[in-house]
Amino acid sequence: DLVREVQQKPYYYDEISAALVKIILDLALRLLAQKDEENFSTNDSYRHARKFIDENYEKIESIEDICRSVYISRYYLTHLFKEYGGVSPIQYVISKRMEKAKQLLSETDLSVREIAEQTGYAETASFLKTFKKVENMTPSDFRKRNRR
């Protein structure tokens, strides 16, 4: 309609053309707003999953625990974390566990075994291996360097 108005130039074509351009822009804005709503719902899923991890990292045994809690598939959960967090869900869980472990090592006299248990590791050896891989030192060395 807009092209026809401009080409044929009937009476008041300039007024009608301006109105049609406004309609086209308003429709484009509507589409953008709908796209934003889709992004916000994706962000909500990510935020819910991250909140679940933040509150339950010491109890999480597998990625499926997270998926069940927020009602999304493993594939979608992994996609969300890569897109919005830059890491996999399991890497995020490990980072939360290591953050808590470092706090406990710095502020308490708990044994390494007790810290492993409180941060979600059933096996102390697994905790030691993960801690050393992430921090490039043993928990004991970390405690010596960061004692408060």
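Read on for a plain summary of the structure. (Residues numbered from 1 in each chain as written. Predicted model: local features only at pLDDT ≥ 70, side-chain atom pairs only at ≥ 80, totals over all residues. Heavy atoms only, no water.)

**Some points on the overall build of the chain**
Phase 1 of the analysis: From N to C terminus, the chain includes eight helices and zero strands.
Phase 2 of the analysis: Beginning at the N terminus, the succession of helices and strands in the chain can be written as α-α-α-α-α-α-α-α.
Phase 3 of the analysis: Whereas a compact globule of 148 residues would reach a radius of gyration of roughly 15 Å, the chain reaches 27 Å, over 25% beyond that.
Phase 4 of the analysis: Taking the principal axes of its C-alpha atoms as reference, the chain extends roughly 90 × 30 × 20 Å.
Phase 5 of the analysis: Counting the 148 residues in the chain, one finds 30% classified as buried.
Phase 6 of the analysis: Across the chain, contacts joining residues at least 24 apart in sequence account for 50% of those joining residues at least 6 apart.
Phase 7 of the analysis: For the chain, the exposed area adds up to about 10,300 Å²; of that, 53% sits on carbon and sulfur atoms.
Phase 8 of the analysis: Each charge class in the chain can be summarised by its mean position, and for the 25 positive and 24 negative side chains these summaries are 8 Å apart. (Helix = DSSP H or I, 4+ residues; strand = E, 2+ residues; numbered from the N terminus. Rg over C-alpha atoms; globule rule 2.2 N^0.38 Å. Buried < 20%, exposed > 50% of the residue type's maximum accessible area, 1.4 Å probe, protein only. Contact = heavy atoms within 4.5 Å. Areas by Shrake-Rupley, 256 points an atom, 1.4 Å probe, with all protein chains shown as cover. Lys, Arg positive; Asp, Glu negative; His and termini not counted. Charge placed at Lys NZ, Arg CZ, Asp CG, Glu CD.)

**Thoughts on the nonpolar core**
Phase 1 of the analysis: In terms of nonpolar packing, the biggest core is built from 15 residues, with Ala49, Ile53, Ile66, Leu77 and Phe81 touching the most fellow members.
Phase 2 of the analysis: For this core, the elements supplying multiple residues, two or more each, are helix H2 (13-56), helix H3 (63-70), helix H4 (74-85) and helix H5 (89-107).
Phase 3 of the analysis: At four residues, the largest contribution of residues to this core is made by H3.
Phase 4 of the analysis: Leu104, Leu105, Phe127 and Phe131 belong to the second-largest nonpolar core, a separate cluster that totals twelve residues. (Core = buried A, V, L, I, M, F, W, Y, C linked by side-chain atoms within 4.5 Å.)

**Description of the environment of Glu5**
Phase 1 of the analysis: Within the element layout of this structure, Glu5 appears in helix H1 (residues 2-8).
Phase 2 of the analysis: With a relative accessible area of 14%, Glu5 lands in the buried category.
Phase 3 of the analysis: On a C-alpha basis, the gap between Glu5 and Glu15 in space is 9.9 Å, while along the polypeptide they are ten residues apart.
Phase 4 of the analysis: Not counting residues within four places of it along the chain, the set of residues in contact with Glu5 comprises Pro10, Tyr13, Ile16, Ser17 and Leu20.

**Description of unusual backbone geometry**
Phase 1 of the analysis: If you check the backbone angles, Tyr71 has positive phi at about 60° while not being a glycine.
Phase 2 of the analysis: Along the chain, the position of Tyr71 falls in the loop between H3 and H4.
Phase 3 of the analysis: Phi at Asn136 takes a positive value of approximately 60°, unusual for a residue other than glycine.
Phase 4 of the analysis: Overall, Asn136 belongs to the exposed group, its relative accessible area being 67%.

**A few points about the environment of Glu107**
Phase 1 of the analysis: Structurally, the position occupied by Glu107 is in helix H5.
Phase 2 of the analysis: Residues Glu107 and Arg30, spaced 77 residues apart in sequence, show a C-alpha to C-alpha distance of 53 Å.

**A look at the pattern of salt bridges**
Phase 1 of the analysis: Scanning all chains against the criterion turns up ten salt bridges.
Phase 2 of the analysis: Notably, a salt bridge pairs Glu64 with Arg74, separated by 2.7 Å at the nearest N-O pair. Of this pair, Glu64 sits in helix H3 while Arg74 sits in helix H4, placing them ten residues apart in sequence.
Phase 3 of the analysis: A salt bridge links Glu135 to Lys102, with the shortest nitrogen-to-oxygen separation between them at 3.3 Å. One end of the pair, Glu135, is in helix H7 (residues 124-135); the other, Lys102, is in helix H5, with 33 residues separating them in the sequence. (Salt bridge = Lys/Arg side-chain N within 4 Å of Asp/Glu carboxyl O.)

Remember that the coordinates give geometry; whether it matters functionally is a separate question.
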